[in-house]
Amino acid sequence: MKTKLLDLLAQRYESEEKIVTEIINLEAILNLPKGTEHFVSDLHGEYHAFQHVLRNGAGKVKEKISDIFEDELTEQQINEFATLVYYPEEKLKLIKNSFNRDEDLNKWRQEMIQQMIKLIPYVSSKYTRSKLRKALPEQFVYIIEELLYKTDEYSNKQQYYTKIVQQIITLEQADKLIVGLAYTIQRLVVDHLHVVGDIYDRGPEPDKIMDTLINYHSVDIQWGNHDVLWIGAYAGSKVCLANIIRICARYANLDIIEDVYGINLRPLLNLAEKYYEDNEAFRPKLQKGEELSEYEQLQITKIHQAIAIIQFKLESPIIKRRTNFNMENRLLLEKVDYSSNEITIRGNTYPLENTCFETVDPNEPAKLLEEEIEVIDKLLFSVQHSEKLARHMNFLMKKGSLYLKYNNNLLIHGCVPLDEEGNMAKMEIDNTMFSGRELLDIFEGYVRRAFARPKETDDLATDMIWYLWTGKYSSLFGKGEMTTFERYFIKDKKTHKEVKNPYYDLREKEEICRNILEDFDLNPDLGHIINGHTPVKEIEGENPVKANGKMVVIDGGFSKPYQSTTGISGYTLLFNSFGMQLVAHKKFTSKEDVLENGTDVVSVRRLVDEELERKKVLETNAGEELLQEIKILKSLLEHRYMN
């Protein structure tokens with residue numbers, strides 16, 4: 001078998017010289033500094049803020065420009081240049097309108113091309129020429145390489161280089177070249193992007209974030225609880241689908257369902273119009289500046305009630321058939337006294353308000369009406385036949401996982417469930433107890449199994465995705481129970497409380513974090529846990545760097561509703577060959593503000609971990625793969641030419 005594989009590989013490297021050249025190349029790459037990793041989390045559909053942080057490399061683009069041009073350009077010119085790199089097409093339109101004469105515009109174009117050509121070697125200094133070439137705009141590779149690697153020691157080629165730039169302008173290719181160079185700079189500043197969960201939720205444009213990630217040069221995703229909810233809906237979970245629509249209705253975001261993904265909500269609206277009226281508790285929550293007519297709000301309010309009741313009904317049979325989920329206390333429709341309009345929970349009786357039980361049979365509270373069954377079936381059919389949603393969910397599965405071990409760091413959205421003593425909490429699945437890494441591996445296996453069998457709607461795999469959304473030992477939920485029902489119908493806020501898993505208190509302790517790293521076969525002396533999911537309340541003095549640097553929490557509030565409590569507009573993390581830096585981003589206003597006024601997101605950096613020696617590719621995941629390639633190539637060399 002090994003001989004056959006080596007023979008196949010020999011077809012690619014048909015000579016001894018090619019094998020030797022590749023081994024030399026790979027060995028050399030191992031000694032380059034590691035590329036910059038960029039970590040983001042909890043984007044929650046906030047496309048424009050995410051785009052800006054992505055384009056400015058969490059402030060790295062401007063930092064590189066300042067390093068090179070601080071003695072040549074004013075602060076305003078640096079800001080203008082940085083804005084051109086972030087948004088080249090839009091900035092070019094504004095610039096062209098500001099010049100009265102073509103000669104002045106062409107002079108500016110020439111200066112920008114020269115500045116970008118000067119910047120690119122600096123931002124690509126850690127890469128091979130081959131990797132740089134792949135990052136260049138394809139149609140201009142030859143021209144750019146001539147300008148990048150120009151040598152004029154004997155003053156023989158000055159006119160040659162000048163003529164190249166002049167002809168680019170004369171042939172009206174300068175704007176295309178500037179755009180291409182700008183995106184090359186963006187790409188080179190960040191080598192790899194990690195998205196530590198929750199692309200989806202209440203924000204208006206998760207689809208655009210997904211399209212951006214699909215086209216990004218190097219990315220991985222750790223699923224968040226909202227991401228898994230969408231995966232579950234596509235995989236056939238009707239209760240996950242009901243949750244998605246309910247959340248979108250709650251935040252007046254149904255356009256994502258209907259307009260973006262083409263899912264027909266008309267049958268649901270018809271049902272809602274038939275059975276429900278206005279209800280204060282189900283009115284959509286609007287963000288500042290959002291406006292809806294009274295008619296639109298009323299429609300959404302009715303839809304919100306209809307899908308919430310369907311959701312509560314769909315939860316019941318799952319809870320009953322999966323006794324190992326231990327969620328019997330969530331059979332709340334069955335705990336309601338419909339004659340007195342009260343509910344008894346854990347021995348306490350509470351009056352209910354804002355109820356909408358029009359389709360609930362007190363004798364069989366969890367039984368769906370035929371109309372409700374028809375509606376949820378049609379919705380699921382529509383979801384599973386959305387081409388755009390299929391593309392996005394397949395990408396989430398291809399690039400995503402529940403956790404990732406990368407360069408000795410553990411990337412995880414939610415938590416590793418613990419008990420009060422800090423031990424790995426155990427959950428029984430199929431008569432076997434699982435905890436820690438094994439439990440997360442089991443969870444992920446069920447997600448992938450459900451996704452592979454979308455016609456199965458009530459098997460264990462599909463039910464397990466819902467458990468990941470709401471279960472006590474879910475690594476994504478991380479709370480004792482989800483009190484959605486209580487928040488709608490019970491005024492007493494004590495019933496609304498959702499008790500967090502002990503992980504969220506214990507992660508402050510270095511010993512706990514080191515134990516978790518060891519459980520995932522990572523070196524606790526070198527590694528970190530990089531966490532999302534829970535917004536860090538920096539405004540109250542909470543430190544996102546915990547456990548003596550072993551834990552870094554990077555959910556700082558990309559989502560606008562969280563920003564009043566976090567005090568910032570999101571954290572991102574940078575990890576380059578010199579160490580880790582946590583970046584706290586101030587509020588992003590708009591792309592238009594950046595373009596017109598040269599403003600930028602002010603980013604405050606703090607050192608997380610400084611490398612004693614500059615980290616090389618050899619010490620990374622990529623380095624491990626290269627070492628394997630080198631080993632195989634040496635075997636091929638011995639097999640073909642040294643026997």
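Residues numbered from 1 in each chain as written. Predicted model: local features only at pLDDT ≥ 70, side-chain atom pairs only at ≥ 80, totals over all residues. Heavy atoms only, no water.

Colleague: Requested: an account of the sheet that holds strand S5 (residues 342–345), with residues and values cited.
Modeller: Pairing between the strands of a sheet comes from backbone hydrogen bonds, and it takes one of two forms, parallel or antiparallel. Taken in spatial order, the 3 strands make up an open sheet running S4-S5-S6, and their pairing is antiparallel. Two strands in the sheet have a free side with no partner beyond their single neighbour: strand S4 (336–337) and strand S6 (348–351). Bridge analysis of S5 against S6 gives 4 bridges, and the strand direction is antiparallel. By the bridge assignment, Glu342 is partnered in S6 with Pro351. (Pairing = 2+ DSSP bridges. Helix = DSSP H or I, 4+ residues; strand = E, 2+ residues; numbered from the N terminus.)

Colleague: Mind laying out the nonpolar core, listing which residues take part and the relevant values?
Modeller: Counting 192 residues, the largest nonpolar core has Phe81, Leu213 and Phe485 as the members making the most contacts within it. By residue number, the principal contributor to this core is helix H17 (residues 294–321), which donates 11 residues. If you look at the next biggest cluster of nonpolar residues, it comprises 11 residues, including Leu26, Leu30, Val617 and Leu633. (Core = buried A, V, L, I, M, F, W, Y, C linked by side-chain atoms within 4.5 Å. Buried < 20%, exposed > 50% of the residue type's maximum accessible area, 1.4 Å probe, protein only.)

Colleague: How would you explain the pattern of salt bridges if you had to name every residue and give the values?
Modeller: Following the criterion strictly, the structure yields 40 salt bridges and no others. The salt bridge partner of Glu486 is Arg330, with a shortest N-O separation of 2.8 Å. One end of the pair, Glu486, is in helix H22 (residues 484–489); the other, Arg330, is in the loop between H17 and S4, and 156 residues separate them in sequence. Taken individually, Glu486 and Arg330 each receive the classification buried, so the pair is uniform in this respect. The network of salt bridges with shared partners includes Arg330, Arg346, Glu481 and Glu486. (Salt bridge = Lys/Arg side-chain N within 4 Å of Asp/Glu carboxyl O.)

Colleague: Outline the state of the cysteines, supporting the account with residue identities and numerical values.
Modeller: Scanning the model with the defined rule gives 0 disulfides in all. Cys356 takes part in no disulfide bond, and the closest cysteine sulfur to it belongs to Cys248, at a distance of 18 Å. We note that Cys415 lacks a disulfide partner, and the nearest cysteine sulfur, in Cys513, lies 12 Å from it. (Disulfide = S-S within 2.5 Å.)

Colleague: Break down the sheet that holds strand S9 (residues 409–412) for me, citing the residues and quoting the values.
Modeller: Read across the sheet, 5 strands follow the order S8-S9-S12-S14-S13 without closing on themselves; strand pairing throughout is mixed. In the strand order of this sheet, the two ends are held by strand S8 (403–406) and strand S13 (545–546), each with one partner. As paired elements, S9 and strand S12 (residues 529–531) share 3 bridges and run parallel to each other. In the sheet register, Leu411 faces S12, and the bridge partner there is Ile530. Its contacts with the sheet put helix H20 (residues 436–452) on S8 and S9, and the angle it makes with S8 is roughly 120°. (Contact = heavy atoms within 4.5 Å. Axes fitted to C-alpha atoms, helices over the stretch in contact; angles between N-to-C directions.)

Colleague: Could you give an account of the environment of Leu268, with specific residues and numbers?
Modeller: Topologically, Leu268 is positioned in helix H16 (residues 266–275). Sequence separation between Leu268 and Pro204 is 64 residues; the distance between their C-alpha atoms is 21 Å. Setting aside anything within four residues of it in sequence, one finds Leu268 in contact with Ile245, Ile303, Ala306, Ile307, Ile310 and Val375.

Colleague: Can you lay out helix H5 (residues 75–86) for me, pointing to particular residues and giving the numbers?
Modeller: With 12 residues, H5 ought to run about 16 Å at 1.5 Å a step, and its terminal C-alpha atoms sit 16 Å apart, in line with that. Listed in full, the buried residues belonging to H5 are Ile78, Asn79, Phe81, Ala82, Thr83, Leu84, Val85 and Tyr86. The inward-facing, buried residues of H5 contact helix H3 (47–55), helix H4 (60–69), helix H6 (88–98), helix H7 (102–123), helix H11 (174–189) and helix H26 (591–597). (Expected span 1.5 Å × (residues − 1).)

Colleague: Break down the side chain of Thr36 for me, citing the residues and quoting the values.
Modeller: Among the secondary structure elements, Thr36 is positioned in the loop between helix H2 (16–29) and strand S1 (37–40). Within the structure, Thr36 has its side chain in polar contact with the side chain of Lys126 (distance 3.2 Å). Ignoring any residue separated from it by four or fewer positions in sequence, one finds Thr36 in contact with Lys126, Val189, Val190, Asp191, His192, Leu574, Phe575 and Asn576. (Polar contact = N/O pair within 3.5 Å; in protein donor to acceptor, adjacent residues only side chain to side chain.)

Colleague: Outline the pairing of S5, listing residues and values.
Modeller: In S5, alternate side chains face the same way, and those of Ile343 and Ile345 are buried while those of Glu342 and Thr344 on the opposite face are not. Alignment of S4 against S5, held across 2 bridges, turns out to be antiparallel. The residue bridging Asp337 from the neighbouring strand is Glu342, located in S5. Count of turn residues in the S4/S5 antiparallel hairpin: 4 residues, of which Asn341 carries a positive phi of about 60°. Between the end of S5 and the start of S6, which pair antiparallel, lie 2 residues, with Arg346 showing a positive phi angle near 50°.

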